[in-house]
Amino acid sequence: MDKQKKLVVWAVSAVALLVLPLLLQSMGNFWVRIADTALLYVLLALGLNIVVGYAGLLDLGFVAFFAIGAYMYGLMASPHLSSTFPWFAAMFPDGLHTSVWLVIPLGAAIAGVLGILLGAPTLKLRGDYLAIVTLGFGEIIRVFLNNLDHPVNLTNGPKGLGQIDSITLFKFDLFGIPGINLGRFLDIGEYRINSVTLYYYLFLALAVVSLIICHRLEVSRIGRAWMAIREDEIAAKAMGINTRNMKLLAFGMGATFGGVSGVMFAAFQGFVSPESFSLMESVMIVAMVVLGGIGHLPGVILGAVLLSALPEVLRWVSGTFDLQSVTGGRLDPAILRQLLIALAMIIVMLLRPRGLWPSPEHGKALRQNGARAQP
Amino acid sequence: MEILLQQIINGLVLGSMYALVALGYTMVYGIINLINFAHGEVLMVGALTSWAIIVGMQDAMPGLPGWVMLLGSTLIACVVAATLNFAIEKIAYRPLRNSPKLAPLITAIGMSLLLQTLAMIIFKPNYKPYPTLLPAKPFEVGGAVITSTQIMILALTAVSLAVLTYLVNYTRLGRAMRATAENPRVAALMGVRPDTVISATFIIGAVLATIAGVMYASNYGTVQHTMGFLPGLKAFTAAVFGGIGNLAGAVVGGILLGLIEAIGSGYIGILTGGVLGSHYADIFAFIVLIGVLTLRPSGLLGERVADRA
């Protein structure tokens, strides 16, 4: 593809992505909601791709960082802390209503630091051992979220945190600018943009930024170091790569994405509970990365969009055709969804073991220095 | 003191179940380096099948003695689960044997989800009571109570382990298994058929998992389509704990894990003054795992299958 053509493709897809929610909105908020969820999963999958795809560290507990981000925002933007702790209410009588400009970096930082902390004890482990340990971490975090309503009610246990603020953008109390509340609609002249559509644009912006970061990482020295570790850890070490720091960096960077998407999830849903952060969720994110094409950004995005949007579409299909009554109550939308995800995981892997859209060359690190792919 | 003894008994019973399931994980891992995530679901299929057969038998031949029903249903369930596991390996894992490592892992996870979903469709999602077929007679040992069901579980585990040890150490199949685990190519040159050996491994694993599933059902009295998930996870943890690929390690790991879990959940309330309760029981497995792997990354007994099997 020459440069001009490429530019046209980029421009067309950019316009399409910007117009998409407006079209969907006219068909009902349900469809925009699906697009929002898909973008959140793109964010998560991009994060996990850094850990699994680039550095080759199989992480089955990735959802823990998603949960940490979500609970962090849940605590910072809901009345829970003020209503539970008098001393907190004394300090912040109206509760903390944290600004998004603080929330995103903070969520990223906390998740990133925890990613490094959780990664540190696993450095010596390889492959499957790592998988089971990270899985254990994910479960430990979930058990704590589920039980920390006693003796100190921090997470409100299985009941979860509700009444979480929606995000307000561009709000400046100092100048009296009210800002855009993403939880409500926005009127531009006669045209009304729904709340879910506003979130779509926020998530899209984050996804694009993440994509750029991921791409830059991939072609950087750090990215090459990660891929060298993925291909052959001992050789990488012999070549002077500090494998310990690089692995920790991969854990930290990946977790950052998880934390940010968790924050977004909490703001979007207005409610978080331990149920959203089960092992199954981790497994789904791994499946997105692997099914799409591990280590290959377009593939990862494809996997995330397919696996997150398809089930929702199926839910609609089974609702429309009333499968539940046709099959005598045995097949409800949730079961159908699970069945098809399971079949998709098995069949796609059997037919295309390297993913639906695998990266064209295996292991960039193996390419010779300066030998760029011919345009 | 009675609490400790009681928890040791409970832990041994729980641990012997983990051990049987862990053996299936560890054998498969030792030979084809795959975490067979669907293994816990094989336990579930075994238990649900035996439940369905027992319920059917109770309807058709109500006069049959309990132990006949239990034994008969377990045998049939073993056959069903073994056939299933054989088919799973052939359809989902064999074609991927030379693929990138993550591919079979994802099909295994998909298979686990598929089996759970199918079981939910076939058996409905509710909890079903598993009939008490043997008289659960309690015996008192130094202040603690052990039921006849628990004694049966311990005895059955011991017998299964003895049979498996004999199989692996003293039969042609066992030698072929050890050879394949060590090096499939060289084993093939020596006249071993790796595919046959791998199929046999899956069949043996399914039988052990079914026995564990029936034990689990008899001990807790309920069956349901998600019942295999957590025991499967814990059993895998046990296998890693003992050193995956190592049969003795799986048994040691399973029993230790059961003991730690039972004693831990029995004492956590007392030790922390009621701050943490027994609902934290599930995380002991993982905390122990992380601790052990941090200090000794290849597990308690090391990882080589052929050396020690």
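What you are looking at is a predicted structure, and each value in this text was computed from that prediction instead of being measured. Every chain's residues receive numbers from 1 upward, in the order its sequence appears when written. Naming scheme: in the order in which they are written, chains are lettered from A and ligands are numbered from 1. Per-residue local features of the predicted model are confined to residues with pLDDT of at least 70, and side-chain atom pairs are confined, for both listing and counting, to 80 or more; whole-chain, interface and lining totals are unaffected and use all residues. Side-chain calculation: all heavy atoms of the structure are included, whereas hydrogens and water are not.

**Re the overall build of chain A**
To qualify as a helix, a DSSP run of H or I must reach at least 4 residues; to qualify as a strand, a run of E must reach at least 2; elements of each kind are numbered from the N terminus. Counting its regular elements, chain A contains 15 helices and 4 strands. Put simply, the radius of gyration uses C-alpha atoms, and a globule should come to 2.2 Å times the residue count raised to 0.38. For 375 residues, the compact-globule estimate of 2.2 N^0.38 gives 21 Å, and the C-alpha radius of gyration of chain A, at 22 Å, lies within 12% of that figure. Taken along its principal axes, the extent of the C-alpha atoms in chain A is 60 × 55 × 45 Å. Of the accessible surface of chain A, which amounts to about 17,900 Å², a share of 67% is contributed by carbon and sulfur atoms. His is not counted, nor are the chain ends, whereas Lys and Arg count as positive and Asp and Glu as negative. Just so you know, the charge point we use is NZ for Lys, CZ for Arg, CG for Asp and CD for Glu. Charged side chains of chain A number 26 positive and 21 negative; the gap between the two group centres comes to 10 Å. To be clear on the numbers: accessible area is Shrake-Rupley with a 1.4 Å probe, and residue cover counts the displayed protein chains and nothing else.

**Concerning the interface of chain A and chain B**
By definition in these notes, contact holds between two residues if any of their heavy atoms fall within 4.5 Å. The interface of chain A with chain B comprises 44 residues on the first partner and 49 residues on the second. Joining two parts hides part of their accessible area as seen by a 1.4 Å probe, and the buried area is that hidden amount summed over both. In total, about 4,000 Å² of surface goes out of reach between chain A and chain B, with carbon and sulfur atoms giving 79% of it. The largest per-residue losses of area from chain A upon contact with chain B belong to A:Asp128, A:Tyr129 and A:Ile132, which jointly make up 17% of the total buried on that side. What makes a salt bridge here is a side-chain nitrogen of Lys or Arg within 4 Å of a carboxyl oxygen of Asp or Glu, nothing more. The interface formed by chain A and chain B holds 0 salt bridges in total. Secondary structure elements with two or more residues in the side of chain A that touches chain B: α7 (127-147), α12 (279-293) and α15 (333-351) of chain A. Ranked by residue count, the leading element in the side of chain A that touches chain B is α7(A), at 12 residues. Split into classes, the residues belonging to the side of chain A that touches chain B amount to 34 nonpolar, 4 polar and 6 charged. By the convention adopted, Pro, Cys, Tyr, Trp, Phe, Met, Ile, Leu, Val and Ala count as nonpolar, Lys, Arg, Asp and Glu as charged, and the other residues, Gly among them, as polar.

**Considerations on the packing of helix α2 (residues 39-60) of chain B against helix α8 (residues 194-220) of chain B**
All names here are of chain B. Fitting a line to C-alpha atoms yields each axis, with helices limited to the stretch in contact; the angle taken between N-to-C directions then spans 0 to 180 degrees. Where α2 meets α8, the closest approach of the two axes is 7 Å, and the angle between their N-to-C directions is 60°. When the axes of α2 and α8 are compared, the pair comes out oblique. As α2 packs across α8, the resulting crossing turns out to be right-handed. Contacts between α2 and α8 involve His39, Val42, Leu43, Gly46, Ala47 and Ser50 on the former and, on the latter, Gly205, Ala206, Ala209, Thr210, Ala212, Gly213 and Val214. Tallied by class, the residues present in the contact of α2 with α8 amount to 7 nonpolar, 6 polar and no charged. Here roughly perpendicular refers to angles of 65 to 115 degrees, roughly parallel to angles under 35, roughly antiparallel to angles over 145, and oblique to all remaining angles. Crossing handedness: left-handed means the near helix sits turned counterclockwise from the far one by under a right angle, and right-handed means the same turn made clockwise.

**Digging into the pairing of strand β2 (residues 138-141) of chain B**
Working note: regular strand, side chains alternate between the two faces of the sheet. All names here are of chain B. For β2 and strand β3 (residues 144-147), the ladder comprises 4 bridges, and the chain directions are antiparallel. What sits directly across from Phe139, in β3, is Ile146. DSSP-based pairing: two strands are paired if at least 2 bridges between them are found. Hairpin connection of β2 to β3: 2 residues between the antiparallel strands, including Gly142 at a positive phi of 50°.

**Focus on a nonpolar patch on the surface**
All names here are of chain B. In this scheme, patches are assembled from residues that exceed 30% relative accessible area and form no salt bridge. Like charges are connected within 9 Å, while nonpolar side chains (Val, Leu, Ile, Met, Phe, Trp, Tyr) are connected within 5 Å. Taken together, the side chains of Trp67, Leu71, Leu75, Ile76 and Val80 make up a nonpolar region of the molecular surface, amounting to roughly 510 Å² of accessible area. Among the secondary structure elements, Trp67 is positioned in helix α3 (residues 66-93). The class of Trp67 is exposed, set by a relative accessible area of 55%. The classification of residues rests on relative accessible area computed with a 1.4 Å probe and restricted to protein chains. Under 20% of the type maximum is buried, over 50% is exposed, and intermediate values are partly exposed.

**A short note on the confidence of the model for chain A**
Where the model shows low pLDDT, its predicted coordinates should not be examined in detail. For every residue, the predictor reports its confidence as pLDDT, a number between 0 and 100. Taken as a whole, chain A shows an average pLDDT of 85; of its residues, 91% reach a score of 70 or greater. Mean pLDDT across the elements of chain A bottoms out in helix α14 (residues 323-326) of chain A (70) and peaks in helix α11 (residues 243-269) of chain A (94).

**Some details on the packing of aromatic side chains**
The criterion for an aromatic pair is that two Phe, Tyr or Trp rings (for Trp, the six-membered ring) have centres within 6.5 Å, with stacked assigned to planes under 30 degrees apart, edge-to-face to planes over 60 apart and tilted to the rest. Scanning all chains against the criterion turns up 17 aromatic pairs over all chains. Each ring, one from A:Tyr199 and one from A:Phe203, has its centre 5.7 Å from the other, and the planes form 45°; the classification is tilted. With a gap of 4 residues between them, A:Tyr199 and A:Phe203 both fall in helix α8 (residues 195-219), about one helical turn apart. Classification of A:Tyr199 by relative accessible area gives buried; the value is 2%. Pairing A:Tyr200 with A:Tyr201 gives two aromatic rings, centres 5.5 Å apart and planes at 85°, and the pair type is edge-to-face. An aromatic cluster of at least three residues, connected via ring pairs, comprises A:Phe66, A:Tyr71, A:Phe265 and A:Phe277. Over the ring of B:Trp51 we find B:Lys128; its NZ or CZ atom is 5.6 Å from the centre of that ring. By the criterion adopted, a ring carries a charge over it if an Arg CZ or a Lys NZ lies within 6 Å of its centre and within 35 degrees of its normal.

**Comments concerning helix α13 (residues 297-320) of chain A**
Residue and element names in this part refer to chain A. Residue count minus one, scaled by 1.5 Å, sets the expected span of a helix. End to end, α13 covers 34 Å across 24 residues, agreeing with the expected 34 Å (1.5 Å per residue, within 8%). Three or more residues of α13 are buried, namely Leu297, Gly299, Val300, Gly303, Ala304, Leu307, Ser308, Ala309, Pro311, Glu312, Leu314 and Ser318. Immediately downstream of α13, the backbone of Asp322 shows phi near 55°, a positive value.

**What about the environment of B:Pro104?**
Along the chain, the position of B:Pro104 falls in helix α4 (residues 102-123). If we ignore the near neighbours within four places in the chain, the residues touching B:Pro104 are B:Leu34, B:Tyr93 and B:Leu96.

**Concerning the UniProt feature "transmembrane region" (unreviewed entry) in chain B**
Residue and element names in this part refer to chain B. UniProt positions are given in the numbering used here, feature names are shortened, and annotations may be inferred rather than shown by experiment. Those places that UniProt annotates as "transmembrane region" (unreviewed entry) correspond, in this numbering, to residues 12-35, 67-88, 100-123, 143-168, 197-218, 238-260 and 267-293. Secondary structure over residues 12-35 splits into 88% helix and 0% strand, and the C-alpha atoms at its two ends are 25 Å apart. Note that residues 238-260 is 83% helix and 0% strand, and that its end C-alpha atoms are spaced 11 Å apart.

**Some details on the nonpolar core**
Here, the term nonpolar core denotes a set of buried Ala, Val, Leu, Ile, Met, Phe, Trp, Tyr and Cys residues that are joined through side-chain atoms within 4.5 Å. Core analysis: the biggest nonpolar cluster contains 213 residues, and A:Tyr73, A:Ile167, A:Met264, A:Phe277, B:Leu23, B:Phe37 and B:Tyr93 have the highest contact counts within it. Looking at this core element by element, the count peaks at 15 residues for helix α2 (residues 29-54) of chain A. Setting aside chain neighbours within four positions, we find A:Phe277 in contact with A:Val63, A:Phe66, A:Ala67, A:Ala70, A:Tyr71, A:Arg142, A:Leu145 and A:Phe265.

**Observations concerning the confidence of the model for chain B**
Model confidence for chain B is summarised by a mean pLDDT of 88, while 96% of its residues fall at 70 or above. Scored below 50 in pLDDT, residues 305-309 of chain B shows 11 contacts in the model against residues more than four places distant or in partner chains.

**Re the pattern of salt bridges**
Oppositely charged side chains can form a pair if their charged atoms are brought close together. Per the stated rule, a full pass over the model turns up 7 salt bridges over all chains. In this structure, the salt-bridge partner of A:Glu233 is A:Lys247, at a minimum N-O distance of 3.1 Å. In this pair, A:Glu233 sits in helix α10 (residues 233-238) while A:Lys247 sits in helix α11, placing the two residues 14 residues apart along the sequence. With a closest N to O distance of 2.2 Å, B:Arg97 and B:Glu89 form a salt bridge. In this structure B:Arg97 comes out as partly exposed when scored by relative accessible area, which is 29%. One network of salt bridges, in which partners are shared, links B:Glu89, B:Arg94, B:Arg97 and B:Asp195.

**Let's talk about α2(A)**
All names here are of chain A. Taking 1.5 Å per residue, 26 residues should reach 38 Å; α2 reaches 36 Å between its end C-alpha atoms and fits that length. The angle between axes fitted to the seven residues ending at a residue and the seven residues starting there is what we call the bend at that residue. Of all the bends in α2, the greatest, near 35°, is centred on Leu48. Burial of α2 is extensive: 21 of the 26 residues sit out of reach of the surface. With its phi angle positive at about 70°, Gly56 sits one or two positions after the end of α2.

**Looking at the environment of A:Ser273**
Residue and element names in this part refer to chain A. Among the structural elements, Ser273 can be located in the loop between α11 and α12. The exposure class of Ser273 is buried, given its relative accessible area of 7%. With 118 residues separating them along the chain, Ser273 and Thr155 place their C-alpha atoms 8.5 Å apart.

**Focus: the packing of helix α1 (residues 2-32) of chain B against helix α5 (residues 148-170) of chain B**
Residues and elements named next belong to chain B. Interhelical geometry of α1 versus α5 gives an angle of 30° and a closest axis separation of 9 Å. The orientation of α1 relative to α5 falls into the category roughly parallel. With respect to the hand of their crossing, α1 and α5 are arranged in left-handed fashion. Contacts from Ile9, Asn10, Leu12, Val13, Ser16, Leu20, Leu23 and Met27 in α1 reach Gln150, Ile153, Leu154, Thr157, Ser160, Leu161 and Leu164 in α5. For the contact of α1 with α5, a count of residues per class yields 10 nonpolar, 5 polar and no charged.

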